[in-house]
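Summary of structural features
Spelled out from the first residue to the last, the chains are:
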Amino acid sequence: MTAEAASGPAQVDEVAGWVRTAGPAGVTVLTGAGISTESGIPDFRGPDGVFTRDPGAQRLFDLDAYLADPQVRVAAWQRRREHPAWSARPNAGHRALVDLERSGRLAAVVTQNIDGLHQRAGQDPRLVVEIHGSLLEVECLSCGWRGPTDETLARVTAGEADPPCLVCGGILKTATISFGQALRSEVLAAAVQAARGCDLFLAVGTSLTVRPAASLVDVAVGAGARLVVVNAEPTPYDGIAAACLRGVIGALLPLLVAGT
Ligand code: NAD
């Protein structure tokens, strides 16, 4: 599917015009797993998604199961070792958002992704709000110690299948938000502020089914922003969007920021 075939060039041009003429509050972009599939990282709910292929995999992302069952933690650490993010590179979609930043119109990238690809593409880390945390850091669920994931993964490779915290012996987990785990309040507050303050809110590569991330759309629209959904499949918010661009993100986003 090409960008034009899916959305029509006229609609793409119109949205590109909205990006170009966004007021001083600029553009806030909410990204989801769909922006990273073209970098080789599967999403959860798309046609080739992790949960679409194996609904049982959801248990590995559930906080209660992780705390209660050592086998879940062992499987989760193996999955982290093999995560495609370690070898993934940013794609044209990530790079387009860097171009948008350079144009001076980007207020923030609020991302549900944990892969760090926005920053690796060259996005100013101060403009990236990682509402679901980062795969690159590990935290202790007891004492709060934090450290780089690669050091803990080296312990897994050396034979510690479920490495405990070296400070207090507690359970370690990547500093990512699992199902059943609250978002960090200061991070959520930054995301809400970015949603409330923008002129144009782009929801890119997200099924908009995970809350509270999807509620940021309500915040933005409620505060008067124009909503554009860029996604291969329909979302629950399409009905209130000023435009829905259905196509491949790596093809669409560069068209939207060209000329900014
Ligand atoms: P999701 O899996 O629920 O939805 C992804 C959406 O993107 C789908 O509707 C799919 O059709 C669309 N999509 C996929 N590739 C696309 C492409 N190239 N062009 C256009 N559309 C495309 O993802 P979500 O809404 O972000 O929720 C999933 C949760 O899982 C998030 O909380 C996120 O933290 C986590 N997750 C992150 C990563 C990552 O960091 N890369 C990967 C998988 C899951």
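As the structure is a computational prediction, the values presented were derived from the model and not from experiment. (Residues numbered from 1 in each chain as written. Predicted model: local features only at pLDDT ≥ 70, side-chain atom pairs only at ≥ 80, totals over all residues. Heavy atoms only, no water.)

**A short note on the side chain of Asn113**
Heads up, the condition is: A run of H or I in DSSP becomes a helix once it reaches four residues, and a run of E becomes a strand once it reaches two; helices and strands are each numbered from the N terminus. Polar contact criterion, stated in full: a pair of N or O atoms within 3.5 Å, where within protein one must be able to donate a hydrogen and the other to accept it, and residues adjacent in sequence count only if both atoms are side-chain atoms. Residue contacts are defined here by distance: any two heavy atoms, one from each residue, within 4.5 Å place the two residues in contact.
Following the sequence through the fold, Asn113 ends up in the loop between β2 (106–111) and α7 (117–121). Within the local environment of Asn113, its side chain forms a polar contact with the backbone nitrogen of Ala33, the two atoms lying 3.0 Å apart. Sequence-distant contacts of Asn113, defined by excluding residues within four places in its chain, comprise Thr31, Gly32, Ala33, Ile35, Ser36 and Gly133.

**Some points on the sheet that holds strand β7 (residues 200–204)**
Two pairing modes exist for strands in a sheet, parallel and antiparallel, and in both the strands are linked by backbone hydrogen bonds. To be explicit about the condition: Note: two strands are recorded as paired if DSSP finds a minimum of 2 bridges between them. Convention adopted: a line fitted to C-alpha atoms gives each axis, helices being fitted over their contacting stretch, and angles between N-to-C directions are expressed from 0 to 180 degrees.
One open sheet accounts for six strands, arranged β3-β2-β1-β7-β8-β9; its pairing is parallel. Each having just a single partner strand, β3 (128–130) and β9 (243–245) make up the two edges of the open sheet. Averaged over neighbouring strand pairs, the angle between their axes works out to 15 degrees when direction is ignored. Sheet topology places strand β1 (residues 27–31) next to β7; five bridges connect them, and they run parallel. For Val29, the partnering residue across the bridge sits in β7 and is Leu202.

**Considerations on the site of the ligand**
For the record, the criterion: A cutoff of 4 Å decides nearness: a residue is near a molecule or strand if any of its heavy atoms lies inside that distance of it. All accessibility values rest on the Shrake-Rupley procedure with a 1.4 Å probe; residue burial counts only the protein chains present in the view. Under the grouping applied here, Gly and all other residues not named as nonpolar or charged are polar, the nonpolar ones being Ala, Val, Leu, Ile, Met, Phe, Trp, Tyr, Cys and Pro and the charged ones Asp, Glu, Lys and Arg.
The immediate surroundings of the ligand are formed by 27 residues, with Gln112, His132, Thr206, Ser207 and Glu233 found nearest. A distance of 2.8 Å is found between a nitrogen atom of the ligand and a side-chain nitrogen or oxygen belonging to Thr37. Starting from 850 Å² of accessible surface for the ligand in isolation, the protein chains cover 93%. By residue class, the composition of the shell around the ligand is nine nonpolar, 13 polar and five charged.

**Brief notes about unusual backbone geometry**
Note that the residue after Arg211, namely Pro212, is joined by a cis bond; omega there is 5 degrees. The topology assignment puts Pro212 in the loop between β7 and α10 (215–222). Phi angles above zero are rare outside glycine, and Leu208 is one such case at about 55 degrees.

**Some remarks on the sheet that holds strand β5 (residues 146–148)**
In space, the three strands of this open sheet follow the order β5-β4-β6, with antiparallel pairing throughout. In this open sheet, the two edge strands, each paired with only one partner strand, are β5 and β6 (172–176). This sheet shows a mean twist of 45 degrees between the axes of neighbouring strands, independent of strand direction. Two strands pair when backbone bridges link them, and strand β4 (residues 133–140) and β5 are joined in this way by three bridges, in the antiparallel orientation. Looking at β5, one finds that Glu139 is bridged to Arg146. Lying on the sheet, helix α5 (residues 70–81) is in contact with β4 and β6; it crosses β6 at an angle near 50 degrees.

**With respect to the domain arrangement of the chain**
Note the following rule: The start and end points of each domain follow an automatic or database-based domain assignment. By convention, the term buried area covers the 1.4 Å-probe accessible surface removed from two parts as they join, with the contributions of both added. The term salt bridge refers to a side-chain nitrogen of Lys or Arg lying within 4 Å of a carboxyl oxygen of Asp or Glu.
The assigned domain composition of the chain is domain 1 (1–41 + 90–132 + 183–260) and domain 2 (43–87 + 134–176). For domain 1 versus domain 2, the separation of C-alpha centres amounts to 27 Å. Domain 1 puts 15 residues into the contact, and the matching count from domain 2 is 13 residues. Surface buried jointly by domain 1 and domain 2 totals about 1100 Å² across both partners, of which 55% is contributed by carbon and sulfur atoms. Here domain 1 and domain 2 share one salt bridge between them. Between Arg184 and Glu139 there is a salt bridge whose closest N-O contact spans 3.4 Å. For the pair domain 1 and domain 2, the interface holds two residue pairs in polar contact (both at pLDDT 80 or more). Class assignment for the residues of the side of domain 1 that touches domain 2 results in four nonpolar, six polar and five charged.

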